[in-house]
Amino acid sequence: MLGVVAAAPAPPGWTAGAAQGRPYVYLEGAAGSVLEDTLSVTNPGPKPLTVRLSGQGTPLAFAARTVTVPARTRADVPFAVTVTADTAPGEHRGTVSAEAGGRAVRVPVHLRVSGPSLAALTVEKVRLDGSGTVHYTLVNRGNTVLAPSLSLRAEGVRGTVLDRAARALPLTLRPGERITRTEPWPDPPALDSVTLDLRATAPGAPAAAARAERVFVSGGAVAAGAGALLAAAGAAAALATRRRRDRAVDRHEMPVEEPQLANVVDVAAGADR
């Protein structure tokens, strides 16, 4: 009687990661230094595996760009990160990539460059278009990652027409990064001269502010204003016409009588006789 032999489970796929099972590569050093670490590639399969290595975001150099890992073996591949002399202090991010058999594995690289940190945020190119949409650009001028917040306030001829409290934006800005965004204003005034103040803040950074101005003139508001002016002009003209008519009637109804000088003379002459 033949026994039934269970098939051996297929080996798991190959893996790549920071050495010693770390979730990411962490390196720290000053500008101008060269930092080293190791990428571990494990091949549990029954055949040799050829892996291609590359890096993104940071200047990485590998001992070999292509590595062949024997079956059921782990290969530790050294690499180096060169921190150039002009690299700003602070946090920098990158990745190490391993590709084989149509599959890619990316390992995060966290690089911290020592030195004084500087948090600096600017807001630029602020404008307010005819629909009320606010356009602006945020720029990270420092060497730390920023999480900005934004507030808006607009003043019209008769007072405040927009007051939007500070709120955190759904983004972060890396050192040197800039991003252009818009803020909607669904109900801008139909007829007004508006001054908009935009204020951006981020933890550790001085507040950044910018201003834009716009005159809102909608067709409906112009038509309504013109109609009101015409109505007022018509009423004034009607009032003036009525006053002239009333004065003319008064002159006809109340005639001025001339004195009867001849009769007075006759009466005086008779008295003398």
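Residues numbered from 1 in each chain as written. Predicted model: local features only at pLDDT ≥ 70, side-chain atom pairs only at ≥ 80, totals over all residues. Heavy atoms only, no water.

Caption draft 1: Quick peek at the pairing of strand β13 (residues 159–168). Note that strand β12 (residues 149–156) and β13 share seven bridges and pair antiparallel. Residue pairing in the sheet places Leu 152 in a bridge with Arg 164 of β13. Hairpin connection of β12 to β13: two residues between the antiparallel strands. (Pairing = 2+ DSSP bridges. Helix = DSSP H or I, 4+ residues; strand = E, 2+ residues; numbered from the N terminus.)

Caption draft 2: Region of interest: the sheet that holds strand β7 (residues 73–82). Read across the sheet, four strands follow the order β1-β3-β7-β5 without closing on themselves; strand pairing throughout is antiparallel. What marks the edges here is a single partner per strand, and that holds for β1 (15–18) and β5 (60–62). For this sheet the average axis-to-axis angle between neighbouring strands, irrespective of direction, equals 30°. Bridge count for β1 against strand β3 (residues 34–43) is four bridges, and the pairing is antiparallel. Residue pairing for β3: Ala 16 is matched across the bridge by Val 41. (Axes fitted to C-alpha atoms, helices over the stretch in contact; angles between N-to-C directions.)

Caption draft 3: Structural view of the nonpolar core. Core analysis: the biggest nonpolar cluster contains 28 residues, and Trp 14, Leu 53, Phe 79 and Val 96 have the highest contact counts within it. In terms of residue count, strand β9 (residues 103–113) provides more of this core than any other element does, five residues in total. In this view, Trp 14 contacts Val 41, Thr 42, Asn 43, Pro 44, Leu 49, Ala 98, Glu 99, Ala 100, Arg 103 and Val 105; residues no more than four positions away in its chain are not counted. Counting residues in each nonpolar core, the second largest holds 27 residues, with Ala 119, Val 126, Leu 162 and Leu 173 among its members. (Core = buried A, V, L, I, M, F, W, Y, C linked by side-chain atoms within 4.5 Å. Buried < 20%, exposed > 50% of the residue type's maximum accessible area, 1.4 Å probe, protein only. Contact = heavy atoms within 4.5 Å.)

Caption draft 4: Molecular detail of the pairing of strand β6 (residues 66–69). Alternating residues of β6 divide into Val 67 and Val 69, all buried, and Thr 66 and Thr 68, none buried. Pairing geometry for strand β4 (residues 49–56) and β6, over four bridges, is antiparallel. Note that in β6 the partner of Thr 50 across the bridge is Thr 68.

Caption draft 5: Broad picture of the sheet that holds strand β16 (residues 205–217). Taken in spatial order, the four strands line up as β13-β12-β15-β16 in an open sheet, and their pairing is antiparallel. Unpaired on one side and paired on the other, β13 and β16 mark the two borders of the sheet. Ignoring which end each strand starts from, the neighbouring axes of this sheet average 10° apart. Pairing of strand β15 (residues 191–202) with β16 involves 11 bridges; the strand directions are antiparallel.

Caption draft 6: Fine view of the packing of aromatic side chains. What the rule picks out here adds up to two aromatic pairs. With 6.0 Å between their ring centres and 85° between their planes, Trp 185 and Phe 216 make a pair best called edge-to-face. In this pair, Trp 185 is assigned in the loop between β14 (178–183) and β15 and Phe 216 in strand β16, connecting sequence segments 31 residues apart. Like Trp 185, the residue Phe 216 is buried in the burial classification. Looking at Arg 103, its charged tip hangs above the ring of Trp 14, at a distance of 4.6 Å from the centre. (Phe/Tyr/Trp six-rings, centres within 6.5 Å; stacked < 30°, edge-to-face > 60°. Lys NZ or Arg CZ within 6 Å of the ring centre and 35° of its normal.)

Caption draft 7: Examining the side chain of Asn 140 more closely. Take Asn 140: it is sitting in strand β11 (residues 134–140). Polar side-chain contacts of Asn 140 include one of 2.9 Å to the backbone nitrogen of Gly 142. Reaching out from Asn 140, the side chain makes a polar contact with the backbone oxygen of Leu 173 at a distance of 2.9 Å. For Asn 140, the contacting residues outside a window of four places in its chain are Ala 120, Val 145, Leu 146, Leu 173, Arg 174, Pro 175, Gly 176 and Glu 177. (Polar contact = N/O pair within 3.5 Å; in protein donor to acceptor, adjacent residues only side chain to side chain.)

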